[in-house]
Structures are given as structure tokens and as C-alpha cells.
Amino acid sequence: MRNILVASVLLIASATSVFAASSEADFKAAYAAAEAANREAGSLRNQWTVTAAALNAAKKAAETGDFDKAVAASNEAEALAKASIFQVKSEKTLWKDLEIR
Amino acid sequence: MKLRSAIYPLASAALTAALLVFGTVPPTVAADTVDPVADAKAFKKFFTDKFPKLKLEDFVNGPYSMNEDLYRQWEEKEQFPPYEFSLEMGKEMFAKPFQNGKSYADCFPNKGIGIRQNYPYFDEKEGKVVTLELALNRCREANGEPPFSYVKDEMAALTAYMAFTSRGKPFDIKIPNDPRALEAYQSGKEYFYTRRGQLNFSCATCHVQSPGERIRAEVLAPALGILNAMPIYRSEWSGMGTTSRRFTTCNSQIRGVPLSPQDDEYRNVEYYLSYVSNGLPISGPGARP
Amino acid sequence: MASSIRVRATSSGDTTEVQALIQHPMDSGFVKDSKGEIVPPHFIQELTFEYDGKNVFVADWGGGISKDPYVKFSFKGGKKGDDLKISWVDNKGATDTTTAKIQ
């Protein structure tokens with residue numbers, strides 16, 4: 001019973017830390033990472049429109065002071081940008097699978 | 001958050017698939033075995049096998065050759081086609097001289113009449129593909145005129161007129177014996193089959209894998225002969241659009257940020273698609289749903 | 001300036017088939033431009049085809065009709081060489097009219 005109590009206290013403690021509010025600094029870091037990834041996708045000439053949309057949403061949320069939302073949107077933008085980078089790199093060889101021979 | 005967690009399994013699945021492909025594919029062929037002649041033959045065979053009832057020239061009618069009901073409606077509309085206004089405007093514009101007294105006729109072989117089927121061509125001096133749209137704007141700029149937007153209006157009207165003067169003439173795209181030309185051709189081919197955008201579609205996904213089938217309410221056209229009807233009056237656009245318009249809007253439709261019209265990738269894919277449709281007649285300007 | 005109306009009328013037997021293509025923006029008034037502002041409504045409200053002093057086809061249109069409308073219909077009567085008069089009026093009060101010979 002004591003073990004369960006300790007475990008649940010630890011669980012609640014870690015769960016609460018997830019809900020700790022994000023700061024402007026958190027947003028700036030997340031946004032910068034997302035922008036950097038999207039820039040790399042741009043240099044590979046394979047950006048997605050949804051990445052830009054997520055970046056915009058992040059910026060808009062930050063402007064209203066909702067940094068939780070801004071960080072979440074920035075993280076999503078970074079994930080999308082990274083996926084677009086993965087796409088262009090893997091397609092360098094995968095395109096041949098579709099080729100009519 | 002949902003999207004992020006969805007991407008990771010997708011990404012790892014794709015990685016696994018890539019590893020499987022690497023395991024089974026023979027060693028990569030060297031670049032100098034690019035064989036456009038064989039490609040074009042295989043391309044045509046693929047589509048004629050898929051649609052045995054169609055004659056080769058029917059492929060230039062895109063979705064209309066894929067669906068009887070659409071074909072009947074299109075035949076009726078062709079008696080009074082929606083591109084008529086643009087075509088007339090193009091004819092007038094083509095004849096009108098620039099401020100400096102010269103005209104479009106001075107920039108093109110045969111005064112610009114009946115030459116559309118030769119575009120795009122590989123410019124050996126520049127080392128790049130030159131499309132008709134690019135040539136028209138270069139002609140304007142060389143004569144002190146501002147360039148037109150590549151996607152619609154005046155550019156569409158001019159290319160509509162030039163296409164009209166070539167109606168019935170077969171595509172006659174040349175690839176000179178120049179490694180840069182072969183590279184441009186190969187890049188265009190690679191672009192055509194490469195998946196892009198969040199929706200992960202390539203041009204081939206729709207136009208090679210699914211011609212005649214539907215994407216939402218639209219019937220898909222086969223890739224063979226797909227540029228022969230350009231420029232087109234598209235009901236979806238309620239107006240004219242050029243090849244540039246189609247390439248850029250398709251990119252955004254699959255959620256990829258489009259490149260700029262007449263960027264290298266677009267010029268090269270136009271080169272590839274036109275070459276593999278050699279022999280099929282120019283039918284432009286065209287109308288599409 | 002060229003007419004906004006293209007028309008072709010062909011008579012066969014006791015029927016005449018008419019096709020017309022009219023150049024007009026047909027803005028519904030519900031579409032926004034790139035700045036986010038409404039493109040004001042600008043569309044044909046009445047389209048009339050007249051033969052032998054009588055209206056053989058009248059259309060009352062609204063913003064739901066697409067740009068550059070195409071019309072096709074047939075009417076009983078009509079002889080080769082006779083005139084067919086087409087005219088339209090739009091919501092801004094502009095008009096255009098043209099006469100075609102039945103072929």
C-alpha cells in the first residue's frame with residue numbers, strides 16, 4: 001500500500017510538471033527550433049504549407065500571451081518541418097519505385 | 001499533439017520500407033545510362049496498355065477521354081469554348097508591337113507561328129531548359145517591356161494563341177547529345193515521380209497510378225499528353241491558366257509550398273513530360289473541368 | 001469594342017438550336033479578394049433572346065451563375081437568314097446587345 005502511495009505521489013508530481021505554464025523564453029526557444037528546421041526544409045526546396053500555418057499559429061498565440069499554445073504550435077511546426085526534411089531525403093531513392101519502366 | 005504522434009510511426013514505417021528497398025534493389029545505375037527514348041516508349045506503352053480502346057491522340061483530351069459522359073459534354077462545349085475570349089485577346093496582343101517598334105514575331109522562329117510543339121527546348125548556350133512562357137517574358141524584357149505574371153491573364157492569352165497556331169502538330173521535343181540536357185531531363189523525371197507535400201503525393205500518384213479514377217469530384221487525367229492542351233480554361237479557376245499555374249497550384253493542393261514559376265524544377269518536369277508525349281498532337285488551348 | 005456576346009443559331013426542320021457564350025464577370029457578391037474585402041456583386045440579371053418580335057428565351061439570373069456563362073436552348077420556328085436578337089442587363093444597369101443571323 002505504501003509503495004502504491006509513493007508511486008502515485010511521484011506520478012502526480014511528474015504529471016503536474018507537464019502542466020506548468022510555458023514562459024516566453026520557452027516559446028522563443030521552441031519557435032527558433034521550428035524556424036530553423038523549416039529553413040532547412042526550404043534549402044532542400046521541400047517546405048509544407050501546414051508548417052507555415054503552424055508557425056503562424058504559434059506567433060499569433062504568443063502575441064496574445066498564450067505561451068502554452070504557442071509552444072505547442074511551435075513543437076508541431078518543428079515536427080512537420082522535420083517530417084518534410086525526412087520526406088525529401090528518403091524520396092531521393094524512393095521515387096524510383098513509382099517510375100514507369 | 002495528435003499529428004506529432006502520428007508522424008513518428010509513419011516516419012519509422014517509411015524508414016523500414018526504405019531499408020527493405022535498399023536490401024533488394026540492384027546496385028544503382030550510373031547517370032550516363034539515362035535513356036529517354038526507352039523511357040518514352042515505356043511511358044506510351046504503359047498508358048496504351050491501360051486504356052486499349054483509346055487511340056494515341058485521344059490521350060491529349062485528358063479526363064474527357066476517361067469518361068464518356070464528360071466527353072459528350074465537352075464536345076458540345078467545344079463548339080463554343082470558354083477559352084475563346086482569351087484566344088482572341090492573345091491574337092491581338094501577339095500582333096501588337098512593343099514600344100520600341102519590334103514585336104513577338106522578331107523573337108521567335110517562323111515569326112512565332114506554328115512553333116509551340118518545339119517547346120520546351122534545351123538551350124545549350126545557357127545550359128538550361130527554356131519553356132515557351134519563359135521565352136515570351138524574355139522577349140518582352142529584351143525589348144524593354146515589363147514581364148507578365150506566369151500563371152494567367154496575358155501569359156495565358158499569348159500561349160493560347162501560339163498553341164492554337166500549332167493545333168494538330170505533334171510534340172517534337174529534342175534532347176541534344178549534351179550531358180546537361182540529359183541531366184535536366186532526368187531531373188524532370190525525378191521531380192515527376194517524387195512525393196511531396198504533407199499529403200505525400202507525386203505527380204505520378206494521380207496521373208500514373210490513378211488516371212480515369214476520381215479525386216473528390218474530379219476525374220484524373222493520364223500523364224501521357226497532359227501538357228498538350230495547355231494553356232487551359234479551367235472551370236475550377238473560372239478562367240485561364242498556364243502550365244506554371246497548374247504546377248504551382250498542384251503543389252499547394254498537396255500542401256507543399258510551391259516553388260516560383262519557371263524555377264528549374266518546373267522547367268525540367270515540363271521538359272520531361274513534353275518529351276515523353278512526343279508524337280501526340282498539340283490540342284491547346286483547352287478547356288478542363 | 002467587340003461584343004460580349006458570341007452566338008450561333010442553326011435551324012433544322014422546324015426547330016432552331018441556339019448557343020451563346022457571354023463574357024461577364026458574374027461576381028456573386030459573396031467572394032472576398034486577396035485583401036479580405038468583398039468583391040461587389042456584378043452579374044447579369046436578365047438575358048433575352050428575341051425572334052420575330054417575340055421573346056423566345058428569357059433568363060432571370062442571380063449571383064449563382066458562373067463567370068462567362070454559356071447558354072444552349074432550342075425553340076420552335078426560326079428560318080435561315082432571319083435575325084435573332086440577344087440582349088442582357090446587369091445589376092449595375094449596364095447592357096449589351098447583338099444580332100445574329102440564323103444559319
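Everything discussed here concerns the structure shown above.
First, a word on what this report is: a plain description of the structure on this page. (Residues numbered from 1 in each chain as written. Chains lettered and ligands numbered in written order. Predicted model: local features only at pLDDT ≥ 70, side-chain atom pairs only at ≥ 80, totals over all residues.)

### Some details on the nonpolar core
Phase 1: One finds Leu158(B), Ala160(B), Tyr161(B), Phe192(B), Tyr272(B) and Leu273(B) to be the most contacted residues of the largest nonpolar core, which totals 57 residues.
Phase 2: For this core, the secondary structure elements donating two or more residues are α2 (36–50), α4 (84–95), α5 (132–142), α6 (153–164), α7 (179–193), β5 (232–234) and α10 (264–275) of chain B.
Phase 3: The element best represented in this core is α6(B), accounting for eight residues.
Phase 4: Not counting residues up to four positions away in its chain, the partners in contact with Leu158(B) are Gly90(B), Met93(B), Phe94(B) and Leu136(B).
Phase 5: Ala41(A), Ala54(A), Phe67(A) and Val71(A) belong to the second largest nonpolar core, which has 23 residues in total. (Core = buried A, V, L, I, M, F, W, Y, C linked by C-beta atoms within 7 Å. Buried ≥ 20, exposed ≤ 12 C-beta atoms within 10 Å, placed from the backbone. Helix = DSSP H or I, 4+ residues; strand = E, 2+ residues; numbered from the N terminus. Contact = placed C-beta atoms within 7 Å.)

### Some details on the sheet that holds strand β6 (residues 83–90) of chain C
All names here are of chain C.
Phase 1: Reading across from one edge, β4-β3-β6-β7 is the order of the four strands in this open sheet, with antiparallel pairing throughout. Each having just a single partner strand, β4 (54–60) and β7 (95–101) make up the two edges of the open sheet. Shown here is a sheet whose adjacent strand axes are inclined to one another by a mean of 15°, direction ignored.
Phase 2: Sheet topology note: the strand β3 (residues 44–51)/β6 ladder contains seven bridges and is antiparallel. Across the sheet, the residue bridging to Tyr 51 is Leu 84, located in β6. (Pairing = 2+ DSSP bridges. Axes fitted to C-alpha atoms, helices over the stretch in contact; angles between N-to-C directions.)

### With respect to the packing of helix α2 (residues 24–43) of chain A against helix α3 (residues 49–63) of chain A
Residue and element names in this part refer to chain A.
Phase 1: Close contact between α2 and α3 brings their axes to 11 Å; oriented N to C, the two are set at 160°. Here α3 runs roughly antiparallel to α2, going by the angle between their axes. Classified by chirality, the crossing of α3 by α2 is left-handed. The segment α2 lies against α3, with Phe 27, Tyr 31, Ala 34, Glu 35 and Asn 38 engaging Thr 51, Leu 55, Ala 58 and Ala 62. (Parallel < 35°, antiparallel > 145°, perpendicular 65-115°, else oblique. Left-handed = near helix turned anticlockwise from the far one by under 90°.)

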